[in-house]
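Close look at the chain arrangement
What follows is the residue order along each chain.
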Amino acid sequence: MIDASALPVLAITVPAVGVVLAVAFGRRVAAWTMLAVCAAELAIAAGIAGTLWRTGVPLVYVLGGWAPPLGIALRADGLSAVMLLVSAVVIAAIALYAQAGFAHKADATTDGGADRAPLVFWTMLMGVWSGLSMVWLAGDLFSLYVALELLTFGAVPLVSLEGKPETLVAALRYMLFALIGSVLYLLGCGVLYGGYGTLDITLLSHAVRAEPVTYVAVALMTAGLAAKTALFPLHLWLPPAHAGAPAAASALLSALVVKGSFILAVRLWFDATAGVGGAGAGAATLLGAMGACAIIVGSVLALRQARLKMMIAYSTVAQIGYLFFLFPLAASPLAVSPLAGADTDWTRFAWTGGMMQLVAHAVAKAAMFLAAGLIAEALGHDRIAGLAGVGRTLPMVLFAFGLAGMSLMGLPPSGGFIAKAMLLLASVGEGQWWWALVIMVGGLLAAGYTFRVLSPALSAAAPAVVVAPVGWTRQAVVLGLAILALALGLMPVRPSLLLEIGRPALIQAVQ
């Protein structure tokens, strides 16, 4: 019987062991190794979530028995449990989808150029999964930096997997932005360590004070994380990188990888420096304003795209913007001043709404990218103008695309509706009504670029010409993700108790 406290370290090491096994035994067993890792990680994530729900307290694993600040601790709270579950479900779906495209070919030659893509894909997928688990569970800011670097060096090869010149350029641009973000983040870590002598999140939360060293460090680190998350106007690397990668890799990058740096920003603001409100009310409002610009600009650019995958990539830029409303609504002193006479803790609504947006977008965007991959494979292209008749050729895939689009629009019943409704209620309840206007406009724009695809696909009387058939298994995987994005809307519109397990007070106002 495995001790529950050891589950966090297993969540990180199981995919890492999978990488070693895949490299050691070669491409013939890489896909099967990935499936075994999926089964193990699903069980580990369920075990962590079940333990937290049953006990109501976080799981803490101290590496080597050396407690912080000398040692490193892994900590699984409610947010960690949710992200582990989402990662396990989404990556398992991606692995099932990719079995056809990245299966080992028994008749492939063994020379240097043949059949490398499957081994690279499966090893990088497991490597990214290990890095993601470390992001969700690490208890100190330097370990989180290491985890982000693992994500970057696993994600960049996935972007350039097809070896085309444009994908190589996109991968290099991605790496450039990621390295700039890493430098800024590491500088902030140095400032914090110089000021307080520790980077452990729990110890920092008790040590930080409202002084310049804290604000400078948080500002540097937040700027670096914004670049890695592709927050407007630092989004230039994301669309070509996500659109140029294979569909399975695009789904992973858009659904989970960009969320890693956002979660780190959440840890920085809401855990490590919660007592001083992160970098202050002005910085929180600035992040919200950048998020608002991302929603509007990203959606407008999505409407202007000629290719389906590029449209979905710009949609990711827009949907990321909603996440940053969490900062002015739950980490700003303005957030503790609800409307006169109201007794609802709107910061808890904002917290759950922001995290639900993260989860709903991860599931819906994975479904959307995988659907786009099947459409492009079947038709031989992904030009939106050439999608006439797809509804007759691939009805299940287009239905899944439409369900995922419902979540992005925020239509009921979907997870996106719950997320956007809670953010909207929090913004009105706190008197910050301007964010509510952006949320509503963003929903209309999302409807515009979703129906721009659905309209021609459903209008043609004749089916589209198929150049390559797609299997029912992959279509079922895409539909399953889309239905899950819809099923998330069955959650009640109220703060989540699981997400609040192990959280410090959401707001400790800056006076």
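Data block above holds the structure.
Residues numbered from 1 in each chain as written. Predicted model: local features only at pLDDT ≥ 70, side-chain atom pairs only at ≥ 80, totals over all residues. Heavy atoms only, no water.

A look at the overall build of the chain
Within the chain one finds 19 helices and two strands. For 511 residues, the compact-globule formula gives about 24 Å, and the C-alpha radius of gyration of the chain, at 22 Å, lands near that figure. Along the first, second and third principal axes, the C-alpha atoms of the chain reach 65 × 50 × 40 Å. Taken across its 511 residues, the chain has 58% of its residues classed as buried. For the chain, contacts bridging at least 24 residues in sequence account for 81% of all contacts bridging at least 6. Within the structure as shown, the chain displays about 18400 Å² of accessible surface, and the carbon and sulfur contribution to it stands at 71%. Here the chain holds 24 positive side-chain charges and 19 negative ones, and the gap between their average locations is 9 Å. (Helix = DSSP H or I, 4+ residues; strand = E, 2+ residues; numbered from the N terminus. Rg over C-alpha atoms; globule rule 2.2 N^0.38 Å. Buried < 20%, exposed > 50% of the residue type's maximum accessible area, 1.4 Å probe, protein only. Contact = heavy atoms within 4.5 Å. Areas by Shrake-Rupley, 256 points an atom, 1.4 Å probe, with all protein chains shown as cover. Lys, Arg positive; Asp, Glu negative; His and termini not counted. Charge placed at Lys NZ, Arg CZ, Asp CG, Glu CD.)

Overview of the layout of surface pockets
Taken as a whole, the largest pocket holds about 560 Å³ of empty space. Along the walls of the largest pocket sit 24 residues, with Glu 162, Ala 245, Pro 246, Ala 247 and Lys 309 positioned nearest its centre. Elements with a contribution of two residues or more to the lining of the largest pocket: helix H3 (78-101), helix H6 (165-196), helix H9 (238-244), helix H10 (247-272), helix H12 (308-323) and helix H14 (346-379). For the lining of the largest pocket, the per-class residue count stands at twelve nonpolar, four polar and eight charged. (1 Å grid on protein atoms, 1.4 Å probe; cavity = no way out; pocket = protein on both sides within 12 Å on 5 of 7 lines; lining within 4 Å. Points joined across faces, edges and corners; volume = space filled by probe spheres on them. Nonpolar A, V, L, I, M, F, W, Y, C, P; charged D, E, K, R; others polar.)

Some details on unusual backbone geometry
For the bond running from Phe 232 to Pro 233, omega is 5°, close enough to zero to count as cis. Checked against the element boundaries, Pro 233 lands in the loop between helix H8 (212-229) and H9. With an omega of -10°, the peptide bond running from Pro 412 to Pro 413 counts as cis. Secondary-structure assignment places Pro 413 in the loop between helix H16 (395-409) and helix H17 (415-429). Phi is positive for Ala 230, which is not a glycine, with a value near 65°.

Examining empty space enclosed by the protein
Counted under the stated rule, the structure contains two cavities of 30 Å³ or more. Approximately 90 Å³ is the volume found for the largest cavity. Around the largest cavity, the lining residues are Leu 148, Leu 151, Thr 152, Tyr 174, Ala 178, Lys 228, Trp 237, Val 257, Val 258 and Ser 261. Elements supplying a minimum of two residues to the lining of the largest cavity: helix H5 (141-159), H6 and H10. Residues belonging to the lining of the largest cavity are distributed by class as follows: seven nonpolar, two polar and one charged.

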